[in-house]
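What the coordinates show
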Amino acid sequence: LEMQDETLNEDVFVRRFLDQEYQSRGDEYDDLVCMEAREEMRHTTTQIFVAPVGDWSTRLNQQVLRRTHLSSCWVRGPYTSPYHVGNSFCHLVLTATGIGITPSLAVGAQFPGHTRTKILIWSCKCAKMLKFFAPLFVDFHMIMIYYTGEEKLSVEDARRIRSAGNGNIFLKTSRGDFLNAISVVVSAYESEMSSSSSPIKSIEQVPKEALKTWCFMYCGGSKRICDDMESFSKDHGVSFRSERFDW
């Protein structure tokens, strides 16, 4: 697996990948969609991820790591997540920062194969978290990762993370522009699906009716990103859902 060129920008990566993706789909594509949309093929397990960032979660993490005794666990809920609207849209852009990736992973697993377009855009500063969740990227059609941690990723680490996909993982070791990434993804996908001979180069050129089939979602602790995405979605007539933990 060749190393991804760090100078490769989002637009070139997305359009290059989609050119290969749509050319590789055969006549069996429609049958694949029908088969994978079957209700009984959905995941039936529940996983809980806890990031040790506070006093309580740190103590919980230490107890689990010691494995010295068994404890009972009472769970209140589950409560409905804003992400439950995913079944109402054809195309989902799931954005997250840090541990906020967890509801995106649940949505990715809930809608297998090509039953939905599922794009994951994630900013992460924890190398361990990045390596831990990488194997779950298989549920998404495209993944764009912006790693901002102080710990430097080795060449082998980057190779393993990218190898979790089939050429559909964009990994950049710097802060990313979520709005630009979303605009690139939506315009590129709509350009590939359009019957027009004129390419769609920006989200502003996407027909309003087409944009209604998309939904942008965010989960994380960044008020700035959440507010920017909400305003961006409103300006383009796209549905937006968010789940923030700023406590």
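Now for a quick tour of the structure. (Residues numbered from 1 in each chain as written. Predicted model: local features only at pLDDT ≥ 70, side-chain atom pairs only at ≥ 80, totals over all residues. Heavy atoms only, no water.)

**As for the overall build of the protein chain**
Across its full length, the protein chain holds nine helices and six strands. Burial analysis of the protein chain (247 residues in total) assigns 41% to the buried set. A fraction of 70% describes how many contacts in the protein chain between residues 6 or more apart in sequence connect residues 24 or more apart. (Helix = DSSP H or I, 4+ residues; strand = E, 2+ residues; numbered from the N terminus. Buried < 20%, exposed > 50% of the residue type's maximum accessible area, 1.4 Å probe, protein only. Contact = heavy atoms within 4.5 Å.)

**Focus on the sheet that holds strand β4 (residues 169-172)**
Taken together, six strands build an open sheet; the order of strands is β4-β3-β2-β1-β5-β6 and the sheet is parallel. At either end of the open sheet lies a strand with only one pairing partner, and these are β4 and β6 (239-244). Taking each pair of neighbouring strands and ignoring which way they run, the sheet shows an average axis angle of 10°. In terms of strand pairing, strand β1 (residues 91-97) meets strand β5 (residues 214-220) through six bridges, oriented parallel. Bridge pairing in β5 places Leu92 opposite Cys215. Against the sheet, helix α7 (residues 178-193) contacts β1, β2 (117-124), β3 (142-147) and β5, and its axis sits at roughly 160° relative to β2. (Pairing = 2+ DSSP bridges. Axes fitted to C-alpha atoms, helices over the stretch in contact; angles between N-to-C directions.)

**A look at helix α6 (residues 155-162)**
Every buried residue of α6 is listed here: Asp157, Ala158, Ile161 and Arg162. Around the axis of α6, the buried residues are gathered within 125° of arc, so they sit on the same side. Seen from the buried face of α6, the exposed residues on the opposite side, beyond 90 degrees, are Val155 and Arg160. Among the structural elements, α5 (127-133), β3 and β4 are those in contact with the buried residues of α6. (Arc of directions from axis to C-beta.)

**Some points on helix α3 (residues 55-66)**
Taking 1.5 Å per residue as the helical rise, α3 with its twelve residues ought to reach 16 Å, and the 17 Å between its terminal C-alpha atoms agrees with that figure. Just beyond α3, the residue with positive phi is Arg67, at close to 55°. (Expected span 1.5 Å × (residues − 1).)

**Points about the nonpolar core**
Within the largest apolar cluster, 34 residues are counted, with the highest numbers of intra-cluster contacts made by Val14, Ile121, Met142, Met144 and Phe216. Examining the composition of this core, we find that eight residues originate from one element, α7, more than from any other. Non-local contacts of Met144, meaning those with residues more than four positions away in its chain, are made with Glu10, Val14, Leu120, Ile121, Trp122, Phe170, Ala181 and Val185. (Core = buried A, V, L, I, M, F, W, Y, C linked by side-chain atoms within 4.5 Å.)

**Side note on the state of the cysteines**
Under the criterion given, the structure shown has zero disulfides. No disulfide involves Cys124; its nearest neighbouring cysteine sulfur is the one of Cys126, lying 5.6 Å away. Residue Cys124 is classed as buried on the basis of its relative accessible area of 1%. Cys219 provides the cysteine sulfur closest to Cys226, a residue in no disulfide bond, and the two sulfurs are 9.5 Å apart. What makes Cys226 buried here is its relative accessible area of 5%. (Disulfide = S-S within 2.5 Å.)

**Observations regarding the packing of aromatic side chains**
The tally for this structure, following the rule as stated, stands at eight aromatic pairs. Considering the side-chain rings of Tyr146 and Phe170, the 6.3 Å spacing of their centres and the 70° angle between planes classify their relative orientation as edge-to-face. One end of the pair, Tyr146, is in strand β3; the other, Phe170, is in strand β4, and 24 residues separate them in sequence. Members of the aromatic cluster, joined through ring pairs, are Phe13, Tyr146, Phe170 and Phe178. (Phe/Tyr/Trp six-rings, centres within 6.5 Å; stacked < 30°, edge-to-face > 60°.)

**Looking at a nonpolar patch on the surface**
Together, Ile48, Val50, Trp56, Leu60, Val64 and Val75 make up a nonpolar patch on the protein surface, roughly 610 Å² of accessible area in all. Checked against the element boundaries, Val50 lands in the loop between α2 (29-36) and α3. (Patch = residues over 30% accessible without salt bridge, like charges linked within 9 Å, V, L, I, M, F, W, Y side chains within 5 Å. Areas by Shrake-Rupley, 256 points an atom, 1.4 Å probe, with all protein chains shown as cover. Salt bridge = Lys/Arg side-chain N within 4 Å of Asp/Glu carboxyl O.)

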